[in-house]
Amino acid sequence: MLPRKRPVEKEVVGDDASEESLLKKHRIGCSITSSTSFTGKTTTAVTATDGNKSGDANNSSGGVLGNSNSNSSSLVPNMALGDGNPTDIDEDLHSRQLAVYGRETMRRLFASNVLVSGMQGLGAEIAKNLVLAGVKSVTLHDEGTVELWDLSSNFIFSESDIGKNRALASVQKLQELNNAVVISTLTTKLSKEQLSDFQAVVFTDSTLEKAIEFNDYCHNHQPPIAFIKADVRGLFGSVFCDFGPEFTVFDVDGEEPHTGIIASISNDNPALVSCVDDERLEFQDGDLVVFSEIKGMTELNDGKPRKIKNARPYSFTLEEDTTNFGTYERGGIVTQVKQPKILNFKPLTEALKDPGDFLLSDFSKFDRPPLLHLAFQGLDKFISELGRLPVAGSEEDTRKLVSIISNINESAGDGKLEDINPKLLRHFSFGARAVLNPMAAMFGGIVGQEVVKACSGKFHPLFQFFYFDSVESLPVEPLAASDFQPLNSRYDAQISVFGSKLQKKLEDAQVFVVGSGALGCEFLKNLALMGVSCGSQGKLTITDDDVIEKSNLSRQFLFRDWNIGQAKSTVAASAAAVINPNLRIEALQNRNLSAVVNALDNVNARLYVDQRCLYFQKPLLESGTLGAKCNTQMVIPHLTENYGASRDPPEKQAPMCTVHSFPHNIDHCLTWARSEFEGLLEKTPAEVNAFLSAPCEYASAMRNAGDAQARDNLERVLECLDRERCDTFQDCITWARLKLEDYFVNRVKQLIFTFPEDAATSTGAPFWSAPKRFPHPLQFSAADPSHLHFIMAASVLRAETFGIPVPDWAKNPKKLAEAVDKVMVPEFQPKKDAKIVTDEKATSLTTASIDDGAVINELIMKLELCRKNLPPDFRMKPIQFEKDDDTNYHMDLIAGLANMRARNYSIPEVDKLKAKFIAGRIIPAIATSTAMATGLVCLELYKVLAGGHKLEDYRNTFANLALPLFSMAEPVPPKVVKHRDMSWTVWDRWIIKDNPTLRELLKWLEEKGLNAYSISCGSCLLYNSMFPRHRERMDKKMVDLAREVAKVELPPYRCHLDVVVACEDDEDNDIDIPLISVYFC
């Protein structure tokens, strides 16, 4: 169960409090009042008692921000509570979003006021995504009241809200998502003048006439107001964007500028620039680049952007005459310069007549957007003529709508379509009144992202129309008109599209959702609204072994701040049950399933679930996100390939010698810093404790190992307990100061002593050639804040491992500097025989020695002497790296280590936040791409649960909301293996009955023309033709072999075991055969 909501302090003014929205008490004190405007409509007002008021958004050129209007009319929306967006970004909360947008975009968002008009399912999804993103304010506008019909698509409403104004009923739950966003309502008719209070306005349920009026006002306003019109009609959706006559996109794709390390530059016209083959260049013809750090041809270091052409994987030509430039010697970095882009949007009235190129999502439907462009116009005319939407199942309404669309098409002149596809328009007419939750989720993600673009200039806007349909989600069997009739249930909108039979299948489905993070929360919301597993036979099982953290709250919208530390699966299950009390959900495991929905965040877990679904022949609906990108994959038994059938290439890992001695980018520095952190503060203390807990056993294990690794472990333990042991905080400061000297002074001096700047390789080439960077030792200074901060972080964490209290003065820079000055730093003398690994294939920095055994014995003796000087119960405290706590000094130390190492090698440094992204391996994530992915998956879930769909009905999707790009295609069928007159796929399984012996199994395969040379059960080998002794097993039953050799424990109810067999055909070609199930009872 979710914790009970916090009590609300409220003050009701006036007699009519029936529509008052009771809000959760927030961190600031507040009182809630209701006020009545001259129209007689009630709105909600909340006043913060601490006196904080949110200021107006800052104006900005380029049509990105602006529209602050101090002359507010009497119809300015009354504000709900919130603290007016403090200027400081809560990095704990927004870390994943910051990894996508960056600080500047976030600040622009924090200054943006947005209007969302129409609070049915689509409006609710858009508002949710904007509140999670952290805009300054969201104003909800709706003149209508909640109906039972709305519960099919709106996660905010419950049956108790029926009859209330939609906007007012939405405030409380949206406010709970983010206290920092000011949420207000408008419940009266909207005037165009009111739009001047916003940077972006979204209309989800507006007539075309009204939309044109509002859009003209926004387009001509100074500065322009971003206008978005979005509609979801059953399985059809549309979006129109107009961000003004001249809109500036500051960052078209959100990707980091591409870079390259220069190997050579010719003195030519044009000049040829070659780069090292460390990584492929990502430049394109026409890109602008700047150069830096070039030795010799220093004329290019002037910071002037230069255009490139003839871009190749490792070279390009420069549109510049370098004939008279200095001769290139070595070094240099080339960096892409990202250029702003100006977009000239047309207003809606012009775009309707001349829509330009439509954004295409599915190349199998390349002719669909022009037809849907007509269909949505025709639907608007239908509504204006009849005053209502078409009735589901009404052939008369369909004929009327098709006639209207046909007339519009006839008057289109040169733009007339040859075929208006009446069959498709029939589906459009039947579902026109319904807002389906998966469609709302998908379009809520798209539109939410467009609002972010409008408010920030980050990413390329949708330009200008986007149409989408998923008619493939409809049941394959024809439905009678009676199937669409409402049943006076919360699912009536969905029934009006799919019919009551599919609704029953949804309610009785057994579904397993793996993961309840960002994707999982969205899936649970969608499934609850769709009615999945809400019937007497239904069951929704959710699993996730993680707990809720603060950083989850910016995307995982089922969680609240008071849930931090609780189990994700149980909180998510309780929250989903609040959305739909009929949901039969539990946080356990279940195998009797209709489908499995993956909501995971790592490939290994996905592969495991994929193998289980493959084994049990269950459909798997897979999805994932990365920043503004998302993808979905349908895994359907016997129709599609499985998830593991295709793999991305592994990420390229930097060689160990590069990370430890020759870094050339900040990633190398951070990888090294993370490794040093774990070695110093986690692994070594853990090794110390292992020794102290069982000295004899530990010593015996080290002697038995007798290798370089054991010697290295013992040296670290001895160093920690002897020479570097800390008893006071001053000892910790001494340790930190000497570590700084060792890392950034002594080691560098040793490196450049061993390999001086003019060193050459065995081939005579310069040793310090690209990508290697020649390092310089640091000069410690207590006046350098970064040096002092490193020592503070390192000494605090060292004290923690030794259980030493940290004095208050340790965080006072002046007093800390005085303590550091007391440290005696010995003079360093480079060693002539120092070994520095330069082999890029080396996997260890520790080299073996013939006298390792003798050294190990000596180290163990010294450790025993140390142990006798320690208290009997002395133990160290290993520290596990935790990236999401900014008070624990973990990231301070890692950022300090990385940046000072970067300073050694003249690599650009990064701030702590960027260091956290890289060292913490934070996956960029935003709510919009998550919402879109889950909406797309749930459109596929209709097909899975309905059954009977063909391969071509399913869709896999890749989308990038930043561009925007939508690419949908039918899944790949499974690979078919053919042998003789047989064929099979990965989904097939062979069965052999009657409790066969090994000989009988081999003969059974021989009859199929297959020669088995290896049989295994689990990880144990039961038979291999290469081993003569295995022939003694020929007459043993397979089940007995499994029990004796593989130690398989078979429960009483189990009648079969599975074996993996490797086979060849008669020509000795390997043949992949299915898993074989051997039945023994």
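Scroll up a little and you will see the structure.
Residues numbered from 1 in each chain as written. Predicted model: local features only at pLDDT ≥ 70, side-chain atom pairs only at ≥ 80, totals over all residues. Heavy atoms only, no water.

## Let's talk about the overall build of the protein chain
For clarity, the threshold we go by: Put simply, DSSP marks the helices as runs of H or I at least four residues long and the strands as runs of E at least two long, and each gets a number from the N terminus on. Using C-alpha atoms as the atom set, the radius of gyration is obtained and then compared with a globule rule of 2.2 Å times the number of residues to the power 0.38. Only protein chains enter the accessibility calculation, which uses a 1.4 Å probe; a residue whose area is less than 20% of its type maximum is buried, one above 50% is exposed, and one in between is partly exposed. For this analysis, residues touch if any pair of their heavy atoms sits within 4.5 Å.
Secondary structure summary: the protein chain contains 28 helices and 34 strands in total. Scaling as 2.2 N^0.38, a compact globule of 1081 residues should have a C-alpha radius of gyration of about 31 Å, and the protein chain matches this with 34 Å. The principal-axis extent of the C-alpha atoms belonging to the protein chain is close to 95 × 85 × 70 Å. Looking at the protein chain residue by residue over its 1081 residues, the buried ones come to 55%. Across the protein chain, contacts joining residues at least 24 apart in sequence account for 72% of those joining residues at least 6 apart.

## Structural notes on the side chain of Thr-930
Following the sequence through the fold, Thr-930 ends up in helix H26 (residues 927-946). Under the relative-accessibility criterion, Thr-930 is labelled buried at 2%. Contacts of Thr-930, omitting those with residues within four sequence positions, involve Ala-518, Leu-519, Glu-522 and Thr-625.

## Topic: the sheet that holds strand E14 (residues 306-309)
The condition that has to hold: Two strands are said to pair when DSSP picks up at least two bridges between them. An axis is simply a line fitted to the C-alpha atoms; with a helix, the fit covers only the stretch in contact. Between two such axes, the angle follows the N-to-C directions and lies from 0 to 180 degrees.
Strand order in the closed barrel formed by six strands is E11-E12-E15-E14-E13-E16, and the pairing between neighbours is antiparallel. Neighbour to neighbour, the strand axes of the sheet diverge by 50° on average, direction disregarded.

## So, helix H2 (residues 103-110)
Given 3.6 residues per turn, any residue in an α-helix points the same way as the ones three and four places further on. Where H2 is concerned, the buried positions are Thr-105, Met-106, Arg-108, Leu-109 and Phe-110. Packing partners of the buried residues in H2 comprise helix H1 (91-101), helix H3 (121-133) and helix H10 (437-456).

## Section: unusual backbone geometry
Here Phe-463 and Gln-464 are connected by a cis peptide whose omega angle stands at -10°. Checked against the element boundaries, Gln-464 lands in the loop between H10 and strand E18 (465-469). Cis geometry marks the peptide bond from Ala-770 to Pro-771, where omega comes out at 10°. Considering the arrangement of structural elements, one finds Pro-771 in the loop between helix H20 (729-754) and helix H21 (785-802). With a phi close to 60°, Gln-617 is a non-glycine residue in the positive phi region. Its place among the elements puts Gln-617 in the loop between helix H15 (603-616) and strand E23 (620-626). Backbone geometry places Asp-994, a non-glycine residue, at a positive phi of 70°. Along the chain, Asp-994 falls in the loop between strand E29 (989-992) and helix H27 (998-1006).

## Description of the pairing of strand E5 (residues 137-141)
The condition is simple: With the strands pointing away from the viewer, any crossover whose connection runs clockwise from the first strand over the helix to the second is right-handed.
By the criterion of burial, E5 is predominantly enclosed, with five of the five residues buried. Looking at chain direction, strand E4 (residues 113-117) and E5 are connected through five bridges and run parallel. Paired with Ser-117 across the strands is His-141, a residue of E5. The β-α-β motif built from E4, the intervening H3 and the parallel element E5 has right-handed crossover chirality. Across five bridges, E5 lies against strand E6 (residues 182-186) in parallel orientation. Bridging across to E6, Ser-137 finds its partner in Val-182. Handedness of the crossover is the feature at issue here: the chain leaves E5, passes through helix H4 (residues 166-177), returns alongside E6, and the resulting connection is right-handed.

## As for helix H5 (residues 208-220)
Rules: Take the residue count of a helix, subtract one, and multiply by 1.5 Å to get its expected span.
With 13 residues, H5 should cover 18 Å at 1.5 Å per step; its first-to-last C-alpha distance of 18 Å lies within 8% of that length. Buried residues belonging to H5 abut strand E7 (200-203), strand E8 (226-233), strand E9 (236-242), helix H6 (348-353) and helix H7 (368-386).

## A word on the packing of aromatic side chains
The test is simple: Here a Phe, Tyr or Trp ring, Trp counted by its six-membered ring, pairs with any other such ring whose centre lies within 6.5 Å, and the pair is stacked when the planes are under 30 degrees apart, edge-to-face when over 60, and tilted otherwise. A ring is scored as having a charge over it whenever the NZ atom of a lysine or the CZ atom of an arginine sits within 6 Å of its centre and within 35 degrees of its normal.
A full pass over the atoms with the stated rule returns 38 aromatic pairs. Counting every residue linked through ring pairs, the aromatic cluster contains Phe-203, Phe-214, Phe-227, Phe-236, Phe-240, Phe-358, Phe-376, Phe-428, Phe-465 and Tyr-467. Taking NZ or CZ as reference, Arg-612 lies 5.2 Å from the ring centre of Tyr-615, over its face. The lysine or arginine in question, Lys-772, covers the ring of Phe-662, its NZ or CZ lying 5.3 Å from the ring centre.

## Side note on the sheet that holds strand E20 (residues 539-543)
Strands sit in the order E21-E20-E19-E22-E23-E24-E25-E26 across an open sheet of eight strands; the sheet is mixed. Two strands in the sheet have a free side with no partner beyond their single neighbour: strand E21 (585-586) and strand E26 (965-969). Of the strand pairs in this sheet, E23 and strand E24 (residues 629-635) are connected by seven bridges, and their pairing is antiparallel. Its bridge partner lying in E24, Leu-626 is registered against Lys-629.

## Thoughts on the pattern of salt bridges
When the charged atoms of two side chains with opposite charge come close together, those side chains can pair. Test applied: In what follows, salt bridge is the name for a side-chain nitrogen of Lys or Arg lying within 4 Å of a carboxyl oxygen of Asp or Glu.
Counted according to the given criterion, the structure contains 60 salt bridges. In this structure, the salt-bridge partner of Lys-365 is Glu-472, at a minimum N-O distance of 2.5 Å. Here the residue Lys-365 occupies a position in the loop between H6 and H7, and Glu-472 occupies one in the loop between E18 and helix H11 (492-498), the gap between them amounting to 107 residues. On the basis of relative accessibility, which here comes to 7%, the residue Lys-365 falls in the buried class. Asp-712 is paired through a salt bridge with Arg-716; the nearest N and O atoms lie 3.7 Å apart. Highlighted residues: Asp-712 and Arg-716, both in helix H19 (residues 708-721), separated by four residues, approximately one helical turn. Asp-712 sits in the partly exposed class, given a relative accessible area of 23%. By relative accessible area, which is 23% here, Arg-716 ends up partly exposed. By sharing partners, the salt bridges in this structure join Asp-362, Lys-365, Arg-368, Asp-469, Glu-472 and Arg-955 into a single network.

## As for the packing of H7 against helix H9 (residues 422-430)
The cut-off we apply is this: By definition in this entry, angles of less than 35 degrees are roughly parallel, angles greater than 145 are roughly antiparallel, angles of 65 to 115 are roughly perpendicular, and the rest are oblique. Here a crossing is taken to be left-handed if its near helix is turned anticlockwise relative to the far helix by less than a right angle, and right-handed if that turn runs clockwise. Ten residues, namely Ala, Val, Leu, Ile, Met, Phe, Trp, Tyr, Cys and Pro, are considered nonpolar, four, namely Asp, Glu, Lys and Arg, are considered charged, and the remaining ones, Gly among them, are considered polar.
Interaxial distance between H7 and H9 falls to 11 Å at its minimum, and their mutual angle equals 45°. Viewed along their axes, H7 and H9 adopt a mutual orientation that is oblique. Of the two elements, H7 crosses H9, and the hand of that crossing is right-handed. Contacts from Arg-368, Leu-371, Leu-372, Ala-375, Phe-376 and Leu-379 in H7 reach Leu-424, Leu-425 and Phe-428 in H9. Grouping the constituent residues of the contact of H7 with H9 by class yields eight nonpolar, no polar and one charged.

## Considering the environment of Leu-190
Along the chain, the position of Leu-190 falls in the loop between E6 and E7. Separated by 428 residues in the primary sequence, Leu-190 and Lys-618 have C-alpha atoms spaced 50 Å apart. The contact partners of Leu-190, leaving out residues within four places of it in the chain, are Leu-115, His-141, Glu-143, Leu-195, Phe-203 and Phe-214.

## What to know about the side chain of Ser-429
Position of Ser-429 among the secondary structure elements: in helix H9. Once you skip the residues sitting within four places of it in the chain, Ser-429 turns out to touch Pro-390, Asp-397, Thr-398 and Leu-401.

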